[in-house]
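Chain residues, written in single-letter form:
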Amino acid sequence: STHAIADLSEVLAEENANIEMLFSQTHHGARSFEMIVDIIGVKNVDRLKSRMMGKSRDLNVDLSVQNMVAHRKNKRMICFDMDSTLVTMEGIDEMARKMGVHREVARITDKAMRGDFDFEESLRQRVAMLRGLPLDDVMEIRNQMNLSKGAEELLTTLKWLGVKLGIVSGGFDIFADLLKDKFNLDFAFANRLEIKDGTLTGKLKGNIVDAAQKARLVNQVACDESIPLDQVVAIGDGANDSLMLTQAGLGIAYNAKKTLDRVANVALSHARFNHVFHLLGITDEDIDEAMSCKVM
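Residues numbered from 1 in each chain as written. Predicted model: local features only at pLDDT ≥ 70, side-chain atom pairs only at ≥ 80, totals over all residues. Heavy atoms only, no water.

With that out of the way, let us pick up helix H9 (residues 173-183). Buried residues of H9: Asp173, Ile174, Phe175, Ala176, Leu179 and Phe183, and no others. Residues of H9 that are buried make contact with helix H4 (91-99), helix H7 (135-143), helix H8 (151-160), strand S5 (164-172) and strand S6 (187-196). (Buried < 20%, exposed > 50% of the residue type's maximum accessible area, 1.4 Å probe, protein only. Helix = DSSP H or I, 4+ residues; strand = E, 2+ residues; numbered from the N terminus. Contact = heavy atoms within 4.5 Å.)

Below you can see the structure in the form of structure tokens.
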């Protein structure tokens, strides 16, 4: 960890930023360092942030870069992406596996997540390949859906603390609605699969939830709840989460594609969801109390 501090300090010095304070603490079984940095002499703040994020990836440490004023404000709403963020799977890939078109669909999914392919067009192409898939098969996938490590504890604790929680996903309503019901989430937006006679038609209903729509939905819900955007957190992993993350006061890239690091304030590695507690200043005692109050 001292090696990481030294390397990050070098980047700060090169970009003319001054470290004013540095302190460490242990939280949720992980040690962290907090730096307060004066950036008054920094010529290009975006470049500094981008370099810091890149360096943290090289060092395999999680990094959060936040404005001090926004950092001190309590976060009141959190918007989660679903596939490969809240849950470990990509719903569309699992459905494609059932249809025997997994390789073709996965190739398009990967391109779309990297931002190399228009999301709406890629989604329509992939869903068209699922035409004729029985709803029973979709329900089987839904029932086997696994949450990411630490996600259940995070959702339960945040709910107990009164934070507004919801899903804003480019995935599908069948999966998002189950999570909404299970964790009593405040909202869940996802693409709607058209179903006729117990099978998928290969078409979607209503508006496509793409990057622009995700950002609009975050704005709309925050507005409806009278919550300023700097008190909103957004967590996602793909290119279609980029606008949503930049809208929020705190944008967290979770186990994300490299392109997302550039727009996020925070980059979390795989299976480190519990670091969100640290970022939000939630104590071990809060978590213990929330989990003990949970009725299974």
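Further notes follow.
Attention now goes to the packing of aromatic side chains. Each pair of aromatic rings is reported with the distance of its centres and the angle of its planes. One pass over the full model with this rule turns up one aromatic pair. Measuring from centroid to centroid gives 5.9 Å for Phe187 and Phe189, while their planes differ by 35°, and the two rings are tilted. Since its relative accessible area comes to 7%, Phe187 is described here as buried. (Phe/Tyr/Trp six-rings, centres within 6.5 Å; stacked < 30°, edge-to-face > 60°.)

Moving on, we get to a nonpolar patch on the surface. On the surface, Ile19, Leu22 and Phe33 cluster together into a nonpolar patch covering about 230 Å² of accessible area. By secondary structure assignment, the location of Leu22 is in strand S1 (residues 18-27). Classification of Leu22 as partly exposed rests on a relative accessible area of 43%. (Patch = residues over 30% accessible without salt bridge, like charges linked within 9 Å, V, L, I, M, F, W, Y side chains within 5 Å. Areas by Shrake-Rupley, 256 points an atom, 1.4 Å probe, with all protein chains shown as cover. Salt bridge = Lys/Arg side-chain N within 4 Å of Asp/Glu carboxyl O.)

In this section: a negative patch on the surface. Together, Glu153, Asp284, Glu285, Asp288 and Glu289 make up a region of like negative charge exposed at the surface. Among the elements that line the negative patch, the one with the most residues is helix H14 (residues 284-293), at four residues. Relative to the elements of secondary structure, Glu153 occurs in helix H8. (Lys, Arg positive; Asp, Glu negative; His and termini not counted. Charge placed at Lys NZ, Arg CZ, Asp CG, Glu CD.)

Once that is clear, we can look at the packing of H4 against H7. Between H4 and H7, the shortest axis-to-axis distance is 10 Å and the interhelical angle comes to 135°. Classified by the angle between their axes, H4 and H7 sit oblique to one another. Crossing of H4 over H7 shows right-handed handedness. Contact residues: H4 offers Glu94, Met95 and Lys98, while H7 offers Asp137, Val138, Glu140 and Ile141. A class-by-class count of the residues in the contact of H4 with H7 yields three nonpolar, no polar and four charged. (Axes fitted to C-alpha atoms, helices over the stretch in contact; angles between N-to-C directions. Parallel < 35°, antiparallel > 145°, perpendicular 65-115°, else oblique. Left-handed = near helix turned anticlockwise from the far one by under 90°. Nonpolar A, V, L, I, M, F, W, Y, C, P; charged D, E, K, R; others polar.)

Okay, the pattern of salt bridges next. Inspection of every chain in the model, using the stated rule, returns eleven salt bridges. Across the pair Asp81 and Lys214 runs a salt bridge, and its minimum N-O distance is 3.0 Å. You can see Asp81 sitting in the loop between strand S4 (77-80) and H4 and its partner Lys214 sitting in helix H10 (residues 211-224), a full 133 residues away along the chain. A salt bridge links Lys214 to Asp241; the nearest nitrogen and oxygen atoms lie 2.5 Å apart. You can see Lys214 sitting in helix H10 and its partner Asp241 sitting in the loop between strand S8 (232-236) and helix H11 (242-247), a full 27 residues away along the chain. For the pair Lys214 and Asp241, a shared accessibility class is recorded, and that class is buried. Overlapping salt bridges bring together Glu14, Glu15, Arg47 and Arg51 as one network.

In this section: unusual backbone geometry. Residues other than glycine seldom take positive phi values, yet Asp197 does so here, at roughly 50°. Of note, Asp197 is situated in the loop between S6 and strand S7 (199-205).

So, about the packing of H4 against helix H5 (residues 102-114). Where H4 meets H5, the closest approach of the two axes is 8 Å, and the angle between their N-to-C directions is 165°. Accordingly, the angle class assigned to the pair H4 and H5 is roughly antiparallel. Crossing handedness for the pair H4 and H5: right-handed. Contacts from Ile92, Asp93, Ala96 and Arg97 in H4 reach His102, Val105, Ala106 and Thr109 in H5. Among the residues forming the contact of H4 with H5, the class breakdown is four nonpolar, two polar and two charged.

In this section: the nonpolar core. In terms of nonpolar packing, the biggest core is built from 52 residues, with Phe80, Met95, Phe172, Phe175, Ile235 and Ile252 touching the most fellow members. It is H9 that provides the largest number of residues to this core, a total of five residues. In this structure, Phe80 is in contact with Leu86, Leu154, Leu155, Leu158, Leu165, Gly166, Ile167, Val168, Ile235 and Phe273, ignoring residues within four places of it in sequence. By size, the runner-up hydrophobic cluster in this structure holds 19 residues, among which are Phe187, Val218, Leu245 and Leu260. (Core = buried A, V, L, I, M, F, W, Y, C linked by side-chain atoms within 4.5 Å.)

Another point: the environment of Asn274. Tracing the chain through its elements places Asn274 in the loop between strand S10 (266-268) and helix H13 (275-279). Separated by 244 residues in the primary sequence, Asn274 and Ala30 have C-alpha atoms spaced 9.4 Å apart.

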